[in-house]
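Structural description and commentary
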Amino acid sequence: METWVLITITAAFLQNVRSAMQKHLKGRMGTTGATFVRFGFGMPFALIYMALLVFVFARPMPAPNGTFFFWAVVGGVAQIAATFLLVHLFSFRNFAVGTAYSRTEPAQAALFGLVFLGERASAGTLVAIAISVVGVMVISVARSVVSVRSLFTSVLTRTAGIGLLSGTFFGVSAVAYRSASLALAPSLPAPDYAMQASYTLVFVIILQTVLMFGWILARERAELPRIVAAWRPALLVGFVGATASFGWFMAMTLQQAAVVKALAQVEMLFTFASTVFIFKERINRLEILGCALIVVGVLALLFYG
(Lines give C-alpha, C1' and ligand atoms only; values in the text may rest on other atoms or scores of the structure.)
Protein backbone atom coordinates (compact mmCIF):
# COMPACT_ATOMS: atom_id res chain seq x y z
CA MET A 1 0.00 0.00 0.00
CA GLU A 2 1.35 3.42 -0.95
CA THR A 3 2.56 5.80 1.77
CA TRP A 4 0.01 8.52 1.00
CA VAL A 5 -2.84 6.02 1.41
CA LEU A 6 -1.73 4.98 4.91
CA ILE A 7 -1.16 8.60 5.92
CA THR A 8 -4.59 9.68 4.62
CA ILE A 9 -6.48 6.90 6.39
CA THR A 10 -4.66 7.68 9.65
CA ALA A 11 -5.38 11.40 9.27
CA ALA A 12 -9.06 10.67 8.57
CA PHE A 13 -9.31 8.60 11.74
CA LEU A 14 -7.62 11.33 13.81
CA GLN A 15 -9.90 13.97 12.30
CA ASN A 16 -12.91 11.90 13.35
CA VAL A 17 -11.54 11.80 16.91
CA ARG A 18 -10.85 15.55 16.86
CA SER A 19 -14.37 16.33 15.62
CA ALA A 20 -15.89 14.29 18.43
CA MET A 21 -13.79 16.13 21.02
CA GLN A 22 -14.64 19.51 19.49
CA LYS A 23 -18.36 18.72 19.81
CA HIS A 24 -17.72 18.13 23.52
CA LEU A 25 -15.99 21.50 23.79
CA LYS A 26 -18.89 23.17 21.96
CA GLY A 27 -20.95 22.64 25.10
CA ARG A 28 -18.41 24.65 27.13
CA MET A 29 -17.80 27.54 24.71
CA GLY A 30 -19.14 29.08 21.52
CA THR A 31 -18.51 28.06 17.94
CA THR A 32 -15.67 30.56 17.53
CA GLY A 33 -13.92 29.38 20.67
CA ALA A 34 -14.25 25.70 19.74
CA THR A 35 -12.87 26.49 16.28
CA PHE A 36 -9.98 28.56 17.68
CA VAL A 37 -8.94 25.66 19.92
CA ARG A 38 -8.18 23.60 16.82
CA PHE A 39 -5.58 26.14 15.69
CA GLY A 40 -4.36 27.87 18.86
CA PHE A 41 -3.80 24.72 20.89
CA GLY A 42 -2.53 22.82 17.85
CA MET A 43 0.21 25.36 17.09
CA PRO A 44 2.66 24.18 19.84
CA PHE A 45 2.45 20.61 18.55
CA ALA A 46 3.02 21.72 14.95
CA LEU A 47 6.17 23.50 16.14
CA ILE A 48 7.27 20.40 18.06
CA TYR A 49 6.89 18.21 14.96
CA MET A 50 9.04 20.56 12.91
CA ALA A 51 11.64 20.83 15.71
CA LEU A 52 11.87 17.02 15.84
CA LEU A 53 12.50 16.85 12.10
CA VAL A 54 15.22 19.51 12.30
CA PHE A 55 17.02 18.71 15.55
CA VAL A 56 16.43 14.96 15.97
CA PHE A 57 16.29 13.71 12.38
CA ALA A 58 18.62 16.41 11.00
CA ARG A 59 16.28 17.33 8.14
CA PRO A 60 17.28 20.60 6.42
CA MET A 61 14.87 23.52 6.68
CA PRO A 62 13.34 24.74 3.40
CA ALA A 63 13.61 28.36 2.31
CA PRO A 64 10.19 29.95 1.69
CA ASN A 65 9.58 31.98 -1.45
CA GLY A 66 6.87 34.22 -2.85
CA THR A 67 4.93 31.32 -4.33
CA PHE A 68 4.89 29.54 -0.98
CA PHE A 69 3.66 32.60 0.93
CA PHE A 70 0.93 33.31 -1.63
CA TRP A 71 -0.54 29.80 -1.61
CA ALA A 72 -0.14 29.33 2.15
CA VAL A 73 -2.06 32.53 2.87
CA VAL A 74 -4.74 31.64 0.29
CA GLY A 75 -5.11 28.17 1.83
CA GLY A 76 -5.26 29.41 5.43
CA VAL A 77 -7.84 32.12 4.74
CA ALA A 78 -9.91 29.84 2.47
CA GLN A 79 -10.08 27.18 5.19
CA ILE A 80 -11.34 29.70 7.74
CA ALA A 81 -13.95 30.96 5.27
CA ALA A 82 -15.06 27.40 4.47
CA THR A 83 -15.41 26.53 8.16
CA PHE A 84 -17.37 29.75 8.85
CA LEU A 85 -19.82 29.00 6.02
CA LEU A 86 -20.23 25.41 7.18
CA VAL A 87 -21.04 26.56 10.71
CA HIS A 88 -23.40 29.22 9.30
CA LEU A 89 -25.40 26.47 7.57
CA PHE A 90 -26.61 25.17 10.91
CA SER A 91 -28.69 28.33 11.39
CA PHE A 92 -30.96 27.19 8.53
CA ARG A 93 -33.83 24.75 9.01
CA ASN A 94 -32.84 22.67 5.97
CA PHE A 95 -29.13 22.79 6.70
CA ALA A 96 -28.75 19.13 5.64
CA VAL A 97 -28.92 20.12 1.95
CA GLY A 98 -26.21 22.73 2.36
CA THR A 99 -24.03 20.36 4.35
CA ALA A 100 -24.40 17.74 1.62
CA TYR A 101 -23.27 20.20 -1.06
CA SER A 102 -20.27 21.24 1.06
CA ARG A 103 -19.13 17.62 0.67
CA THR A 104 -18.43 18.25 -3.02
CA GLU A 105 -14.97 19.41 -1.89
CA PRO A 106 -13.03 16.54 -3.58
CA ALA A 107 -14.74 17.13 -6.94
CA GLN A 108 -14.08 20.85 -6.74
CA ALA A 109 -10.48 20.21 -5.68
CA ALA A 110 -10.03 18.15 -8.86
CA LEU A 111 -11.21 21.13 -10.91
CA PHE A 112 -8.97 23.61 -9.07
CA GLY A 113 -6.03 21.22 -9.33
CA LEU A 114 -6.48 21.19 -13.10
CA VAL A 115 -6.86 24.98 -13.33
CA PHE A 116 -4.06 26.03 -10.96
CA LEU A 117 -1.59 23.14 -11.18
CA GLY A 118 -2.43 21.53 -14.51
CA GLU A 119 -3.04 18.22 -12.73
CA ARG A 120 -5.15 15.80 -14.75
CA ALA A 121 -7.04 12.84 -13.34
CA SER A 122 -7.92 9.69 -15.24
CA ALA A 123 -11.54 8.92 -16.10
CA GLY A 124 -11.51 6.08 -13.55
CA THR A 125 -10.28 8.41 -10.80
CA LEU A 126 -12.96 11.00 -11.59
CA VAL A 127 -15.69 8.34 -11.48
CA ALA A 128 -14.34 7.07 -8.14
CA ILE A 129 -14.37 10.62 -6.73
CA ALA A 130 -17.94 11.15 -7.97
CA ILE A 131 -19.17 7.90 -6.38
CA SER A 132 -17.65 8.72 -2.98
CA VAL A 133 -18.99 12.30 -3.11
CA VAL A 134 -22.53 11.09 -3.85
CA GLY A 135 -22.20 8.60 -0.98
CA VAL A 136 -21.32 11.32 1.51
CA MET A 137 -24.08 13.60 0.20
CA VAL A 138 -26.64 10.80 0.68
CA ILE A 139 -25.45 10.26 4.26
CA SER A 140 -25.72 14.01 4.95
CA VAL A 141 -29.50 13.99 4.33
CA ALA A 142 -30.22 10.45 5.52
CA ARG A 143 -31.70 11.53 8.86
CA SER A 144 -33.53 14.61 7.67
CA VAL A 145 -36.86 15.04 5.90
CA VAL A 146 -35.00 15.77 2.67
CA SER A 147 -35.17 13.01 0.08
CA VAL A 148 -32.29 12.03 -2.14
CA ARG A 149 -34.30 13.21 -5.14
CA SER A 150 -34.90 16.65 -3.66
CA LEU A 151 -31.22 16.85 -2.76
CA PHE A 152 -30.25 16.93 -6.42
CA THR A 153 -33.15 19.20 -7.46
CA SER A 154 -32.43 21.83 -4.78
CA VAL A 155 -29.17 23.06 -6.28
CA LEU A 156 -30.54 26.62 -6.70
CA THR A 157 -31.63 27.03 -3.06
CA ARG A 158 -29.79 29.36 -0.69
CA THR A 159 -28.55 26.57 1.58
CA ALA A 160 -27.26 24.60 -1.40
CA GLY A 161 -25.44 27.72 -2.62
CA ILE A 162 -23.79 28.29 0.77
CA GLY A 163 -22.85 24.62 0.93
CA LEU A 164 -21.32 24.70 -2.54
CA LEU A 165 -19.38 27.85 -1.64
CA SER A 166 -18.12 26.16 1.52
CA GLY A 167 -17.00 23.18 -0.56
CA THR A 168 -15.36 25.60 -2.99
CA PHE A 169 -13.28 27.20 -0.25
CA PHE A 170 -12.36 23.78 1.18
CA GLY A 171 -11.33 22.67 -2.32
CA VAL A 172 -9.27 25.84 -2.83
CA SER A 173 -7.55 25.41 0.54
CA ALA A 174 -6.58 21.81 -0.23
CA VAL A 175 -5.06 22.69 -3.62
CA ALA A 176 -3.41 25.80 -2.13
CA TYR A 177 -1.76 23.75 0.64
CA ARG A 178 -0.41 21.30 -1.91
CA SER A 179 0.88 24.18 -4.05
CA ALA A 180 2.56 25.83 -1.05
CA SER A 181 4.22 22.60 0.05
CA LEU A 182 5.47 21.77 -3.45
CA ALA A 183 6.89 25.31 -3.79
CA LEU A 184 9.37 24.50 -1.00
CA ALA A 185 10.93 21.53 -2.82
CA PRO A 186 13.46 23.49 -4.97
CA SER A 187 15.08 24.95 -1.82
CA LEU A 188 15.89 21.49 -0.42
CA PRO A 189 18.77 19.18 -1.42
CA ALA A 190 16.10 16.59 -2.28
CA PRO A 191 12.28 16.58 -1.99
CA ASP A 192 11.27 15.88 1.61
CA TYR A 193 7.48 15.54 1.93
CA ALA A 194 7.57 15.43 5.74
CA MET A 195 9.58 18.65 6.12
CA GLN A 196 7.67 20.42 3.35
CA ALA A 197 4.38 19.47 5.01
CA SER A 198 5.59 20.40 8.48
CA TYR A 199 6.90 23.81 7.44
CA THR A 200 3.67 24.58 5.56
CA LEU A 201 1.57 23.49 8.54
CA VAL A 202 3.53 25.67 10.97
CA PHE A 203 3.16 28.78 8.83
CA VAL A 204 -0.55 28.19 8.16
CA ILE A 205 -1.51 27.33 11.73
CA ILE A 206 0.30 30.41 13.09
CA LEU A 207 -1.50 32.57 10.52
CA GLN A 208 -4.89 31.07 11.41
CA THR A 209 -4.23 31.40 15.15
CA VAL A 210 -3.33 35.09 14.81
CA LEU A 211 -6.35 35.85 12.60
CA MET A 212 -8.83 34.04 14.85
CA PHE A 213 -7.35 35.43 18.06
CA GLY A 214 -7.62 38.93 16.60
CA TRP A 215 -11.27 38.28 15.75
CA ILE A 216 -12.00 37.02 19.27
CA LEU A 217 -10.31 40.07 20.84
CA ALA A 218 -12.25 42.43 18.60
CA ARG A 219 -15.67 40.77 18.53
CA GLU A 220 -16.05 37.92 21.07
CA ARG A 221 -13.94 38.61 24.15
CA ALA A 222 -16.33 36.64 26.31
CA GLU A 223 -14.92 33.49 24.70
CA LEU A 224 -11.44 34.01 26.21
CA PRO A 225 -12.23 32.92 29.81
CA ARG A 226 -14.14 29.89 28.48
CA ILE A 227 -11.16 28.87 26.36
CA VAL A 228 -8.76 29.27 29.30
CA ALA A 229 -11.06 27.30 31.63
CA ALA A 230 -11.14 24.36 29.18
CA TRP A 231 -7.39 24.29 28.52
CA ARG A 232 -6.91 20.61 29.41
CA PRO A 233 -9.38 19.09 26.90
CA ALA A 234 -8.47 21.89 24.46
CA LEU A 235 -4.83 20.79 24.58
CA LEU A 236 -5.88 17.26 23.61
CA VAL A 237 -7.98 18.63 20.74
CA GLY A 238 -4.98 20.66 19.62
CA PHE A 239 -2.68 17.64 19.69
CA VAL A 240 -5.03 15.39 17.70
CA GLY A 241 -5.93 18.21 15.30
CA ALA A 242 -2.31 19.15 14.60
CA THR A 243 -1.38 15.51 14.07
CA ALA A 244 -4.27 15.03 11.62
CA SER A 245 -3.32 18.22 9.77
CA PHE A 246 0.30 17.09 9.55
CA GLY A 247 -1.00 13.90 7.95
CA TRP A 248 -3.19 15.80 5.46
CA PHE A 249 -0.31 18.06 4.45
CA MET A 250 2.05 15.12 3.94
CA ALA A 251 -0.51 13.19 1.91
CA MET A 252 -1.29 16.20 -0.28
CA THR A 253 2.41 16.75 -0.89
CA LEU A 254 2.66 13.19 -2.19
CA GLN A 255 -0.63 12.98 -4.09
CA GLN A 256 -3.19 15.22 -5.81
CA ALA A 257 -5.40 17.04 -3.30
CA ALA A 258 -8.61 15.78 -4.94
CA VAL A 259 -7.53 12.15 -4.65
CA VAL A 260 -6.48 12.59 -1.01
CA LYS A 261 -9.76 14.31 -0.11
CA ALA A 262 -11.78 11.61 -1.88
CA LEU A 263 -10.03 8.85 0.08
CA ALA A 264 -10.53 10.93 3.22
CA GLN A 265 -14.26 10.20 2.94
CA VAL A 266 -13.46 7.03 4.91
CA GLU A 267 -13.83 9.34 7.91
CA MET A 268 -17.60 8.83 7.54
CA LEU A 269 -17.09 5.09 7.85
CA PHE A 270 -15.19 5.60 11.11
CA THR A 271 -18.06 7.77 12.33
CA PHE A 272 -20.63 5.08 11.59
CA ALA A 273 -18.46 2.39 13.15
CA SER A 274 -18.49 4.44 16.37
CA THR A 275 -22.23 4.96 16.07
CA VAL A 276 -22.97 1.25 15.73
CA PHE A 277 -20.35 -0.43 17.90
CA ILE A 278 -19.74 2.13 20.65
CA PHE A 279 -22.99 4.10 20.98
CA LYS A 280 -25.20 1.15 19.89
CA GLU A 281 -27.30 3.36 17.61
CA ARG A 282 -29.12 2.11 14.54
CA ILE A 283 -28.44 3.43 11.05
CA ASN A 284 -31.11 3.62 8.36
CA ARG A 285 -31.15 2.37 4.78
CA LEU A 286 -29.97 5.63 3.25
CA GLU A 287 -26.98 5.70 5.59
CA ILE A 288 -26.16 2.12 4.62
CA LEU A 289 -26.46 3.07 0.95
CA GLY A 290 -24.18 6.07 1.49
CA CYS A 291 -21.58 3.93 3.28
CA ALA A 292 -21.70 1.37 0.47
CA LEU A 293 -21.13 4.09 -2.13
CA ILE A 294 -18.16 5.43 -0.17
CA VAL A 295 -16.64 1.95 0.02
CA VAL A 296 -17.12 1.44 -3.73
CA GLY A 297 -15.66 4.88 -4.46
CA VAL A 298 -12.65 4.35 -2.22
CA LEU A 299 -11.91 0.92 -3.65
CA ALA A 300 -12.19 2.31 -7.18
CA LEU A 301 -9.93 5.19 -6.19
CA LEU A 302 -7.25 2.83 -4.86
CA PHE A 303 -7.48 0.77 -8.05
CA TYR A 304 -7.43 3.66 -10.54
CA GLY A 305 -5.68 6.41 -8.52
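Right above here is the structure, for reference.
Criteria and cut-off values
Just so you know, the residues in each chain are numbered from 1, in the order the chain's sequence is written. Only residues with pLDDT of 70 or above have their local features reported here, since the model is predicted, and side-chain atom pairs are shown and tallied only from 80 upward, although totals for entire chains, interfaces and linings are computed over all residues. Only hydrogens and water are set aside when side-chain values are computed; all heavy atoms of the structure are taken into account. Each helix is a run of H or I in the DSSP string that is no shorter than four residues. Each strand is a run of E no shorter than two, and both are numbered from the N terminus. The globule rule used here is 2.2 Å times the number of residues to the 0.38 power, and the radius of gyration it is set against is calculated over C-alpha atoms. For every residue, the accessible area obtained with a 1.4 Å probe (protein chains only) is divided by the maximum for its type, and the residue is called buried under 20%, exposed over 50%, and partly exposed between those limits. Under the convention used here, a 1.4 Å probe and the Shrake-Rupley method define accessible areas, while residue burial counts only the protein chains that appear. Helices are assigned an expected span. That span is 1.5 Å times one less than the residue count. Contacts were defined at the residue level, with two residues in contact if any of their heavy atoms lie within 4.5 Å. Polar contact is the term for a pair of N or O atoms within 3.5 Å; when the atoms are in protein, one must be able to donate a hydrogen and the other to accept it, and sequence-neighboring residues count only if both atoms are side-chain atoms. A side-chain nitrogen of Lys or Arg and a carboxyl oxygen of Asp or Glu constitute a salt bridge if their distance falls within 4 Å. Angular values range over 0 to 180 degrees, each being the angle between N-to-C directions of two axes fitted as lines to C-alpha atoms, with helices fitted over their stretch in contact. For this classification, under 35 degrees means roughly parallel, over 145 means roughly antiparallel, 65 to 115 means roughly perpendicular, and everything else is oblique. We call a crossing left-handed when the near helix sits turned anticlockwise from the far one by less than a right angle, and right-handed when that turn is clockwise. Here a cavity means grid points, on a 1 Å grid over the protein atoms only, where a 1.4 Å probe fits yet cannot get out; a pocket means an open set of points with protein on both sides within 12 Å along at least five of seven lines; lining residues are those with an atom within 4 Å of a point. Grid points are joined across faces, edges and corners, and a volume is the space filled by probe spheres set on the points. All amino acids are sorted into three groups, where Ala, Val, Leu, Ile, Met, Phe, Trp, Tyr, Cys and Pro are nonpolar, Asp, Glu, Lys and Arg are charged, and the leftover types, Gly among them, are polar. Patch membership is restricted to residues that have no salt bridge and whose relative accessible area is over 30%. Joining uses 9 Å for like charges and 5 Å for the nonpolar side chains Val, Leu, Ile, Met, Phe, Trp and Tyr. Stacked, edge-to-face and tilted are the three classes for Phe, Tyr and Trp ring pairs, Trp counted by its six-membered ring, which pair at centre distances within 6.5 Å; planes under 30 degrees apart are stacked, over 60 edge-to-face, the rest tilted.

**Describing the overall build of the protein chain**
Within the protein chain, the regular secondary structure consists of 15 helices and zero strands. Expected size for 305 residues packed as a compact globule is a radius of gyration near 19 Å; at 19 Å, the protein chain falls within 12% of this value. Taking the principal axes of its C-alpha atoms as reference, the protein chain extends roughly 55 × 50 × 35 Å. The buried share of the protein chain, taken over its 305 residues, is 51%. By element, 70% of the accessible surface of the protein chain is carried by carbon and sulfur atoms, the whole surface being about 14,400 Å².

**Topic: helix H15 (residues 285-304)**
Helix length check: H15, at 20 residues, gives a terminal C-alpha distance of 28 Å against a target of 28 Å (1.5 Å per residue), a fit within 8%. Within H15 the residues assigned to the buried category are Glu287, Gly290, Cys291, Ile294, Gly297, Val298, Ala300 and Leu301. Tucked inside the fold, the buried residues of H15 contact helix H7 (123-141), helix H13 (257-263) and helix H14 (266-277). At the N-terminal end of H15, a side-chain oxygen is found 3.2 Å from the backbone nitrogen of Leu286, two or three residues along, and the residue is Asn284.

**Thoughts on the pattern of salt bridges**
Pairing between side chains of opposite charge can happen when the charged atoms of each approach one another. Considering all chains together, one arrives at four salt bridges under this definition. As a salt-bridge pair, Lys261 and Glu105 come within 3.6 Å of each other at their nearest N and O atoms. In this pair, Lys261 sits in helix H13 while Glu105 sits in helix H6 (residues 105-117), placing the two residues 156 residues apart along the sequence. The residue Arg178 makes a salt bridge to Glu119 at a minimum N-O spacing of 2.6 Å. Taken together, the residues Arg178 in helix H9 (residues 158-183) and Glu119 in the loop between H6 and H7 connect sequence positions 59 residues apart. Owing to a relative accessible area of 10%, Arg178 belongs among the buried residues under this scheme. According to the relative accessible area criterion, Glu119 is buried, its value standing at 15%.

**A word on the packing of helix H4 (residues 66-89) against H9**
Here H4 crosses H9 at 155 degrees, and the two axes come no closer than 7 Å. Here H9 runs roughly antiparallel to H4, going by the angle between their axes. Crossing of H4 over H9 shows left-handed handedness.

**Quick notes on empty space enclosed by the protein**
Taken as a whole, this structure holds one cavity of 30 Å³ or more when the rule is applied. Of the voids in this model, the largest cavity is the one considered here, and its volume is about 50 Å³. Along the walls of the largest cavity sit Ala109, Ala110, Gly113, Leu114, Glu119, Ala121, Val175, Gln256, Ala257 and Ala258, which together make up its complete lining. Its residues assigned to classes, the lining of the largest cavity shows seven nonpolar, two polar and one charged.

**Let's talk about a nonpolar patch on the surface**
Where nonpolar side chains cluster on the molecular surface, the patch consists of Ile48, Leu52, Phe55, Val56 and Phe57 and spans about 560 Å² of accessible area. Within the secondary structure, Ile48 sits in helix H3 (residues 43-56). Take Ile48: its relative accessible area is 43%, and that puts it in the partly exposed class.

**Focus on the packing of aromatic side chains**
Inspection of the entire model under this criterion finds twelve aromatic pairs. Considering the side-chain rings of Phe36 and Phe213, the 6.1 Å spacing of their centres and the 35 degrees angle between planes classify their relative orientation as tilted. On the criterion of sequence distance, the pair formed by Phe36 in helix H2 (residues 31-40) and Phe213 in helix H10 (residues 193-219) is long-range, its members being 177 residues apart. Judged by its relative accessible area of 9%, Phe36 is buried. Given a relative accessible area of 35%, Phe213 falls into the partly exposed group. Where Trp71 meets Phe116, the ring centres are 5.5 Å apart and the plane angle is 65 degrees; that geometry is what we call edge-to-face. Within this pair, whereas Trp71 is found in helix H4, its partner Phe116 is found in helix H6, the two being separated by 45 residues in sequence. Following the ring pairs from residue to residue traces out a cluster consisting of Phe68, Phe69, Tyr199 and Phe203.

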